[in-house]
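# Structural overview for review
So the chains spell out like this:
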Amino acid sequence: MTKTVEQLDRVIIRFAGDSGDGMQLTGDRFTSETAVFGNDISTLPDFPAEIRAPAGSLPGVSGFQVHFADHDILTPGDYPDVLVAMNPAALKTNINDLPKGRTLIVNTDAFVQRNLDKAGYATNPLEDGSLADFQVHAVQITTMTIESVKGIEGITPREAERAKNMFALGLMCWLYGRPVQGTIDFINDKFSKRPEIAAGNIAAFKAGYAFGETSESFSVSYEIKPAKLRPGKYRQINGNSALVYGLVAASIKSGLPLFLGAYPITPASSILEELANFKNFGVRTFQAEDEIAAVGSALGAAFGGALGVTVSAGPGIVLKQEMIGLAIQLELPLVILDIQRAGPSTGMPTKPEQTDLFNVMYGRNGESPIPVIAASTPGQCFYAAIEAARIALTYRTPVFLLSDAYLANGAEPWLIPSMADIPEIPVEFTTKPNRDDGSFWPYLRDEVTLARPWAIPGTPGLEHRIGGIEKANGTGNISYDPDNHDLMTRLRAQKVAGIAGGIPELEVDSCDGARTLVLGWGSTYGPIGAAIKRVRADGLAVDQAHLHYLNPFPRNLGEVLRRYDKVLVPEMNLGQLLQLVRSQFLVDAVGYNRVRGVPFKASELADAITALVNA
């Protein structure tokens, strides 16, 4: 039968099912095919922290939202246009996000009494009229999946049922004109050791595609043309992968071997796992027995002349802080990646927050200033990693780089840069005494950066003391002199403050007549940018600025803030940047603060901006 093809400029799809239904794989494959097709994309994986939450339960629902368009987009979207619900629990937890009139695809085979009871349904929503406001497509996904793999030897009934996510993927690929060969190749590669499983999943995928083509339930398919992106070679990338590539690039550009000491923790573990694949670039990874050993090994590698890196999330960062204090005292380069997650304590390990800013700024004993930078998008994580390494190596200091679970797991198209376009990171080791009398002073500072010499252990004539006890200025000897301690404390603070002279000034996305500024940091970049587009389209003059450097701030931040009558600071915390801005620059900024473990919606920020402008 001939079916109509309608043209759309963008679509938001959410796949939702039990945490064992393969929704993350389904969403990732749909995203990959969409990236190959050339659309702009932004994704939001959402999954429980438990390894295997109870099947069919509300807490066990796993979701994956993908927003794709024929133009530049900034967020995974506020609300889905299409919800694919694989069981009653997935429907129950997601239906309130689906606007009326939008498309709902449900796996009717899962709507048995046992699953309805687990989800808290008194009656079957597919039969009681409660879904009348939506375009409902009731599909026997499980039944047709099992039927499609009949005749393939070696597949158990359980394995046949598990292929239902591929049926759903095939259906959605037909509905939105996605390529299919990449997924078939992926399945063959993933299950190369179990060809019967590969054959079953491919059969289910093709059955879903064919169902869309032949079913009278779907009379229309949709086309979203490729986006007009900057010329170049692109790939799909998430924030953690971008950090990995950025660290490897920094290693190459500095000429130093890269060492990562880490302990597995959500949502940072994939950085350790992926970096372990780069041994051919001289990368060494070490999975330590705990967080303290992890950062200690990285600091030891820095002492030995390597680019030392450690990575964790909030709970692990707390454990690392004493050793980071030692790095501040030793004045050695060290990159610390903090992939923030909801807290306190274990909190919600797979959900994003921006609640570690105060922790990385002030979470150590004594006066211990440290540079802090923050990534803003998955792709920008690449450049943030290079910049963190540059600052650490140039100024001989540990550096915090803040990301979060939203950036870590979210994906977008990334224009692959040329290595020739990435600046070198010059590093010079001290190889000879630096005093006229032939002696070596390990704390004789560079006049511009205030960095101390970096002397590799074992270099003849450059023997020096290390340790956490206060150092005498210049000589590095142990010192309890009060005036020396005051001097060294101020020198370390002056060195960090001086980094402001080596970073870009804050840029403002401005429009004529704006008297209100929205100031953000980290992963709020996308939602704020989308909200700014909305309010400007409504006729409001509002400017936007986004901070990548949080300590020190860009040198022109105070001047920028004083241009405006009103400043709004949206954060996924209770106002940490807001407090810093208000205290340092004495501006009457106001916050928009939520700690729900989910990214901001552009619509809610647009409402907050509008309310402030009109107040």
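Reading the values: the criteria
- Residues numbered from 1 in each chain as written.
- Predicted model: local features only at pLDDT ≥ 70, side-chain atom pairs only at ≥ 80, totals over all residues.
- Heavy atoms only, no water.
- Helix = DSSP H or I, 4+ residues; strand = E, 2+ residues; numbered from the N terminus.
- Rg over C-alpha atoms; globule rule 2.2 N^0.38 Å.
- Buried < 20%, exposed > 50% of the residue type's maximum accessible area, 1.4 Å probe, protein only.
- Contact = heavy atoms within 4.5 Å.
- Areas by Shrake-Rupley, 256 points an atom, 1.4 Å probe, with all protein chains shown as cover.
- Phe/Tyr/Trp six-rings, centres within 6.5 Å; stacked < 30°, edge-to-face > 60°.
- Lys NZ or Arg CZ within 6 Å of the ring centre and 35° of its normal.
- Pairing = 2+ DSSP bridges.
- Expected span 1.5 Å × (residues − 1).
- Arc of directions from axis to C-beta.
- Polar contact = N/O pair within 3.5 Å; in protein donor to acceptor, adjacent residues only side chain to side chain.
- Axes fitted to C-alpha atoms, helices over the stretch in contact; angles between N-to-C directions.
- Patch = residues over 30% accessible without salt bridge, like charges linked within 9 Å, V, L, I, M, F, W, Y side chains within 5 Å.
- Salt bridge = Lys/Arg side-chain N within 4 Å of Asp/Glu carboxyl O.
- 1 Å grid on protein atoms, 1.4 Å probe; cavity = no way out; pocket = protein on both sides within 12 Å on 5 of 7 lines; lining within 4 Å.
- Points joined across faces, edges and corners; volume = space filled by probe spheres on them.
- Nonpolar A, V, L, I, M, F, W, Y, C, P; charged D, E, K, R; others polar.
- Core = buried A, V, L, I, M, F, W, Y, C linked by side-chain atoms within 4.5 Å.
- Parallel < 35°, antiparallel > 145°, perpendicular 65-115°, else oblique.
- Left-handed = near helix turned anticlockwise from the far one by under 90°.

When helices and strands are counted, the protein shows 20 helices and 22 strands. Its C-alpha atoms give the protein a radius of gyration of 27 Å, near enough to 25 Å, the size a compact globule of 615 residues would have. Principal axes of the C-alpha set define a box for the protein whose edges measure 90 × 60 × 45 Å. For the protein, buried positions account for 56% of its 615 residues. Here the analysis covers contacts within the protein between residues at least 6 apart in sequence; of these, 77% occur between residues at least 24 apart. Element-wise, carbon and sulfur atoms account for 52% of the exposed surface of the protein, whose accessible area totals about 25,700 Å².

For the rest of this paragraph, the subject is the packing of aromatic side chains. Any pair of aromatic rings gets described here by the distance separating the centres and the angle formed by the planes. Scanning the model with the defined rule gives 15 aromatic pairs in all. Ring centres of phenylalanine 167 and phenylalanine 211 lie 6.0 Å apart, and the angle between their planes is 45°; on these two criteria the pair is classed as tilted. Linking phenylalanine 167 in helix α6 (residues 164-175) with phenylalanine 211 in helix α8 (residues 195-214), this pair joins segments that are 44 residues apart in sequence. Each of the two residues, phenylalanine 167 as well as phenylalanine 211, counts as buried. Lying across the ring of phenylalanine 37, arginine 178 places its NZ or CZ 4.5 Å from the centre. The aromatic ring of phenylalanine 191 is capped on one face by lysine 190, whose charged end is 5.8 Å from the ring centroid.

Here the focus is the sheet that holds strand β17 (residues 508-509). Taken in spatial order, the 5 strands line up as β17-β19-β18-β21-β22 in an open sheet, and their pairing is mixed. Sheet topology places β17 and β22 (590-593) at the edges, where each strand pairs with a single neighbour. Relative to strand β21 (residues 566-571), strand β18 (residues 516-521) runs parallel, the two being bridged by 3 bridges. If you follow leucine 517 over to β21, its bridge partner there is valine 567.

With that settled, the discussion passes to the pairing of strand β2 (residues 10-18). Burial within β2 is extensive, with 8 of its 9 residues counted as buried. One ladder, built from 9 bridges, connects β2 with strand β4 (residues 61-69); its direction is antiparallel. Residue pairing for β4: alanine 16 is matched across the bridge by glycine 63.

With that out of the way, let us pick up helix α16 (residues 482-498). Taking 1.5 Å per residue, 17 residues should reach 24 Å; α16 reaches 24 Å between its end C-alpha atoms and fits that length. Here α16 has its buried residues at Asn484, Met488, Thr489, Leu491, Arg492, Lys495 and Val496. The arc enclosing the buried residues of α16, seen along the axis, measures out at 160°, which places them on a common side. Exposed side chains of α16 directed beyond 90 degrees from the buried face belong to Pro482, Asp483 and Arg490. Its buried side turned inward, α16 meets α12 (314-330), α14 (380-395) and β20 (549-551). The backbone nitrogen of aspartate 483 has a side-chain oxygen 3.2 Å away, supplied by the residue at the start of α16, namely aspartate 481.

Right, let's get into the sheet that holds strand β12 (residues 307-312). Strand pairing in a sheet relies on backbone hydrogen bonds. The paired strands run either parallel or antiparallel. Here we have 7 strands laid out as an open sheet, ordered β11-β10-β12-β13-β15-β14-β20, and mixed in their pairing. What marks the edges here is a single partner per strand, and that holds for β11 (284-287) and β20. Shown here is a sheet whose adjacent strand axes are inclined to one another by a mean of 20°, direction ignored. Pairing analysis gives 4 bridges linking β12 to strand β13 (residues 334-340), with the strands arranged parallel. Paired with serine 312 across the two strands is aspartate 338, which belongs to β13.

The grouping of Ile252, Phe281 and Met419 at the surface amounts to a nonpolar patch, some 250 Å² of accessible area in total. Considering the arrangement of structural elements, one finds phenylalanine 281 in the loop between α10 (269-275) and β11. On the basis of relative accessibility, which here comes to 41%, the residue phenylalanine 281 falls in the partly exposed class.

We now examine empty space enclosed by the protein. Overall, the coordinates contain 3 cavities of 30 Å³ or more when judged by the stated rule. For the largest cavity, the calculated volume is near 50 Å³. Looking at the largest cavity, the residues that line it are Ile328, Glu331, Pro369, Arg396, Thr397, Pro398, Arg492, Lys495 and Val496. Here the residues of the lining of the largest cavity sort into 4 nonpolar, 1 polar and 4 charged.

Most peptide bonds take the trans form, and the phi angle of most residues other than glycine is negative. With an omega of 0°, the peptide bond between glycine 343 and proline 344 qualifies as cis. Within the secondary structure layout, proline 344 lies in the loop between β13 and α13 (357-362). Of note, the amide linkage connecting asparagine 551 to proline 552 takes the cis form, showing an omega dihedral of -5°. If you trace the backbone, proline 552 turns up in the loop between β20 and α18 (557-561). In the Ramachandran plot, serine 345 falls in the positive-phi region, its phi being about 50° despite a non-glycine side chain. Topologically, serine 345 is positioned in the loop between β13 and α13. A positive phi is found at arginine 396, a non-glycine position, where the angle reads about 55°.

Of all hydrophobic cores here, the largest spans 94 residues; its most connected members are Leu337, Leu519, Leu550 and Leu577. Ranked by the residues each element gives to this core, the list is headed by α14, at 11 residues. Leaving out residues up to four positions away in the same chain, leucine 519 has contacts with Leu506, Ala545, Leu547, Leu557, Leu561, Val567, Leu568, Val569, Pro570, Leu577 and Val581. By size, the runner-up hydrophobic cluster in this structure holds 36 residues, among which are Phe68, Val82, Val139 and Phe205.

Here the focus is the packing of helix α11 (residues 291-303) against α12. Remark: α11 packs on α12, axes separated minimally by 8 Å, with the N-to-C direction vectors making an angle of 25°. On the basis of the axis angle, α11 is roughly parallel to α12. Along this stretch, α11 crosses α12, giving a crossing that reads as right-handed. In this structure, α11 uses Glu291, Ile292, Ala294, Val295, Gly296 and Leu299 to contact α12, whose residues at the interface are Gly316, Leu319, Lys320, Met323, Ile324, Leu326, Ala327 and Leu330. Residues of the contact of α11 with α12, tallied by class, amount to 10 nonpolar, 2 polar and 2 charged.

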